[in-house]
Structure formats: C-alpha cells, structure tokens
Amino acid sequence: MTIKLYDTKPYDTVFEGKVIDIIKEGKKTAIILDQTLFFPEEGGQSPDKGVISIQDKSVEVVDVQIKDEVIYHYVKGNIDFIEKGSEIKGEIDFTHRFSNMQQHSGEHIFSGLAKRHFGCVNVGFHLSDSEVTFDYDKPLSKEEIEFLEKEVNKVIYENRKITAFYPSREELLKLDYRSKKEIENEVRLVEIEGIDLCACCAPHVRRTGEIGICKVVNYINYKGGVRISILCGNRALELFREIHNTTKEISKLLSAKRENLAKEVNRINDSLHDVEYRLVEMEKRNLDLILSRIADAGNQKTLDNNIINDNAVVLKLDGFSNNSLRDAVNKLKEKYPNRLIGIISKTEKGYFFIFGSNSIDCNLVAKSLRERFGAKGGGSSDMIQGNLSSDLSEEDVTKICGDVL
C-alpha cells in the first residue's frame, strides 16, 4: 500500500519518497513510491499534476491512478536517472490542487444542503480540470436551485471549519453520513461543520471561506433527476471575468447599457429577420424575371452563358442562395417536363451545381460530372446537387453545360 500523505497534509506541496517499482505498460511508464502527496484519479475527481525529481533532473507526472491501494505515477520524459530504490523528491502543482479542493468542498456543501432541504441523494459526481457536475436522484426547479446556490454561498461566507478523519467501526455505526457506495475498507469522512458529513477520499480546504464563491453555471434534467454544473473560487472568477469582458465589448459595439443588452439583441434579431425576409422576396422576384426572360427567348444555343435547346435548359446564375436555385429548377421542371434542367452558380470555393428532370435520370449526369470534372455531390434520379472545383474557368463551366447534354 502507498502511504497517502495527501490524506493528512492537503496543503503540503513537496515530499520525499522512495521508488518501490518502475512499471512499463506499453508506451506508458509508471513509478510506484512508498508514499506520495499526489492524489490519484478517484471518486470522480481528476488527479494531481507535478514533477518527480532527483537532484537537478526531473520528469513530469501527467497522470496518477490507484489500483488495490497502490498509487501509480505515470510520467512523461526520460527516466533513465530513476531506479528502483532511488530516493526522490516530489512536488505537486498546488494551483491545480487548490482549485480542485475549492470545487470539491463547494460540491459537498451543495449536496449536503440539497439533501437537508429537498431530500436529494447525490448519485453521480465528476470533477475535471474544466467542469464540476453532480447528479441528484430527483428533479429540482429553477427556483430551488437558485435557493441552494444562495444558501451555499452563505455557508462559504460563514467560514465554517472542514475536517477529514477516519472513525472507528464502532463510531461509524453511530454516524449519519452521505455515501454514494458501500465502502469495505476504512471510511474517510469529510465534515463541514453543521452542514454535511460525507464519505470522501479527496483533499479539501480547511475552512469554507477558502472556497470564495460558488456559482451554478448550468443544470439539466437527467435520468429522472437533475444534473447541476458549478464553478467555485478562481474558476468562478475566471468565468465572471470572461463574461464581463464579453458583455462589455458587446455593450460597446451595440452602444447599449449592459442591463439593456438582451432587449437590444432581440430588437436587432427582429430587424434581421425582417431584412432576411425582404431579401428572400427580392431574390425570388429577380429570379422570376430571369426565368421569364429565358422563357421568352425561345430555343437558342447560348444566351449570356446559358444553354437553351430542345433537350436542356442549363443556366449560369451567380449571387443566389442554394434554396432559391433549387426552387428555380423545380419551376423550370414544370415548364419543361421533357428537358434536363440545370443551374451552375459561382461560390467562394468554386461552383455549386444543381440538375433536375422529370424525364432524364439525373444520376447519369452526376456520374458524368464526377468522372470528367471531379465533381462532388449526388442525389436522386430526379434531382442532384454538389460542388465543382474552384480551378475551373468560366470557359470550363460553359463547356460543362454543353457536355452534360
């Protein structure tokens, strides 16, 4: 068994240890020590980070796992200077450790209060380097979650004491504590004075005031209950700073006060919908005029890079949306049911094409475009669409219009 120094010394950053074994697992290398401050991935929490050193040489600890009470330190780098029996110095990344301590202690307060006020049982927990989520076995309303958030922060401001201890079996039987699973070995309890008592293997802050603040950032219905995401301490500060800077910039761009941003965005959104509707209607009218001009032209070999004859109507039209072009093909299919209808349109990345027909198998056209011009796309027998390379010239496109016939 590895001696868990983090159990009793969660604020220590440097320790000394002895290498018990070095294990190769494929491309991974794990170092086993007689004792460690490195907390492993356990109980839903991400592991500590840091380095293992001998004099002026060191390797980075990138992962820490625990198996049968033995802790494996997975390292990155050349470990030729480390041998079985070596005396090492370990140092953890305390910024990362303390952040995890803030998050985990904040979750304990939240879950303790959720159980007290609403009878919620914590059935899931995940603490990574970027998020903290926990699951309760029953749903909570928006108002109930906001109430809990407020109560959690009250407990933080009261700066209550947090202690971790191993009770005897006799003492454990008399205690009412939270636990997500049955524990066969010794049970480590974390107590938040007057608020919560929970089985937990992870390091915690000494007093609730060190958590700083707890903010709910999201919640969703999950498996008949609720999944809540929070951020505490410095992570909450970073989130607020990001939101503050973003809203400040948006406020400047919109020339609106921060408290009026939602109202201003809704106004702009309504205006954009109105403009979009007008543009679509204008595009339809312009396209109808072009189609009418083509219909009046009769059978001609070319008309402004277009091909119109007894077999096909293939048009070169730029500046229209794909949806409008699709509508145009459908209208021309109705007018010319025995012809192949096609439209090719220039885009930023090349050309968009769409072909349709009530009498000709468009899949044959797609095959020809793929084989001869490297086209990408497809569809059904009555309509195909796709893209052509930007390397093609206007002359190439005109040639394609003729060749597909």
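To be clear, the structure that these remarks concern was listed above.
Residues numbered from 1 in each chain as written. Predicted model: local features only at pLDDT ≥ 70, side-chain atom pairs only at ≥ 80, totals over all residues. Heavy atoms only, no water.

Caption draft 1: Structural view of the overall build of the protein chain. When helices and strands are tallied, the protein chain shows eight helices and 22 strands. At 34 Å, the protein chain has a C-alpha radius of gyration far larger than the 22 Å of a compact globule built from 405 residues. The dimensions of the protein chain, computed from C-alpha atoms along their principal axes, are 100 × 55 × 40 Å. The 405 residues of the protein chain split such that 42% are buried. (Helix = DSSP H or I, 4+ residues; strand = E, 2+ residues; numbered from the N terminus. Rg over C-alpha atoms; globule rule 2.2 N^0.38 Å. Buried < 20%, exposed > 50% of the residue type's maximum accessible area, 1.4 Å probe, protein only.)

Caption draft 2: The arrangement of the packing of aromatic side chains in detail. Following the criterion strictly, the structure yields eight aromatic pairs and no others. Aromatic side chains F15 and F38 sit 6.0 Å apart centroid to centroid with 80° between the ring planes, which places their arrangement in the edge-to-face category. In this pair, F15 is assigned in strand β2 (residues 14-25) and F38 in the loop between β4 (35-36) and β5 (50-54), connecting sequence segments 23 residues apart. Across the pair, exposure class does not vary: F15 and F38 are buried alike. Connected via pairs of aromatic rings, a cluster forms that spans Y11, F94 and F98. The ring of Y222 carries the charged tip of R227 above its face, separated from the ring centre by 3.9 Å. In this structure, K335 packs its charged tip against the face of Y336, placed 5.8 Å from the ring centre. (Phe/Tyr/Trp six-rings, centres within 6.5 Å; stacked < 30°, edge-to-face > 60°. Lys NZ or Arg CZ within 6 Å of the ring centre and 35° of its normal.)

Caption draft 3: Just the sheet that holds strand β12 (residues 189-192), in detail. With antiparallel pairing, the three strands of this open sheet are ordered in space as β11-β12-β13. Each edge of the sheet is formed by a strand with only one pairing partner; in this case those strands are β11 (162-165) and β13 (196-199). Along the sheet, successive strands turn relative to each other by an average axial angle of 15°, direction set aside. Where β12 meets β13, four bridges bridge the pair, whose relative direction is antiparallel. The residue of β13 that forms the bridge with I192 is D196. Sheet contacts for helix α1 (residues 94-118): β11, β12 and β13; angle to β12, the most-contacted strand, approximately 75°. (Pairing = 2+ DSSP bridges. Axes fitted to C-alpha atoms, helices over the stretch in contact; angles between N-to-C directions. Contact = heavy atoms within 4.5 Å.)

Caption draft 4: Region of the structure containing helix α4 (residues 233-254). In this model α4 runs 31 Å from its N-terminal to its C-terminal C-alpha over 22 residues, within 8% of the 32 Å that 1.5 Å per residue would give. Listing the buried residues of α4 in full gives G233, R235, A236, T247 and S251. Buried residues of α4 fall within an arc of 155° about the axis and therefore sit on the same side. Seen from the open side of α4, the exposed residues pointing more than 90 degrees away from its buried face are E242, K248, K252 and L253. Positive backbone phi, approximately 55°, marks S255, located one or two places after α4. (Expected span 1.5 Å × (residues − 1). Arc of directions from axis to C-beta.)

Caption draft 5: Molecular detail of the nonpolar core. Core analysis: the biggest nonpolar cluster contains 52 residues, and I52, I109, F110, Y136, I228 and I230 have the highest contact counts within it. Sequence-distant contacts of I109, that is, excluding residues within four places in its chain, are made with V152, V155, I156, I192, I195, T208 and I211. Grouped together as the second largest cluster of nonpolar side chains are 17 residues, F320, A328, L332 and I341 included. (Core = buried A, V, L, I, M, F, W, Y, C linked by side-chain atoms within 4.5 Å.)

Caption draft 6: Quick peek at helix α2 (residues 142-157). Compared with the 22 Å implied by 1.5 Å per residue over 16 residues, the 23 Å span of α2 between its first and last C-alpha is a close match. Against the buried residues of α2 lie α1, β14 (214-222) and β15 (225-232).

Caption draft 7: The arrangement of the side chain of Q102 in detail. Note on placement: Q102 falls in helix α1. Taking relative accessible area as the criterion, Q102 reaches 6% and is therefore assigned buried. With near-sequence residues (within four places) excluded, Q102 lies in contact with V205, E210, I211, C232, G233 and N234.

Caption draft 8: Spotlight on the pattern of salt bridges. Inspection of every chain in the model, using the stated rule, returns 16 salt bridges. For the salt bridge of K67 with E25, the shortest nitrogen-to-oxygen distance reads 3.7 Å. Of the two residues, K67 is situated in strand β6 (residues 57-67) and E25 in strand β2; the sequence distance between them amounts to 42 residues. Taking the relative accessible area as the measure of exposure, E25 reaches 30% and is therefore partly exposed. (Salt bridge = Lys/Arg side-chain N within 4 Å of Asp/Glu carboxyl O.)

Caption draft 9: Seen up close, the packing of α1 against α4. Contact geometry for α1 and α4: axes closest at 7 Å, N-to-C directions at 90°. On the basis of their axis angle, the class for α1 and α4 is roughly perpendicular. On the side of α1, the interface is formed by S99, N100, Q102 and Q103, while α4 contributes G233, N234 and R235. When grouped by side-chain class, the residues that make up the contact of α1 with α4 number no nonpolar, six polar and one charged. (Parallel < 35°, antiparallel > 145°, perpendicular 65-115°, else oblique. Nonpolar A, V, L, I, M, F, W, Y, C, P; charged D, E, K, R; others polar.)

Read these as spatial facts, not as claims about activity.
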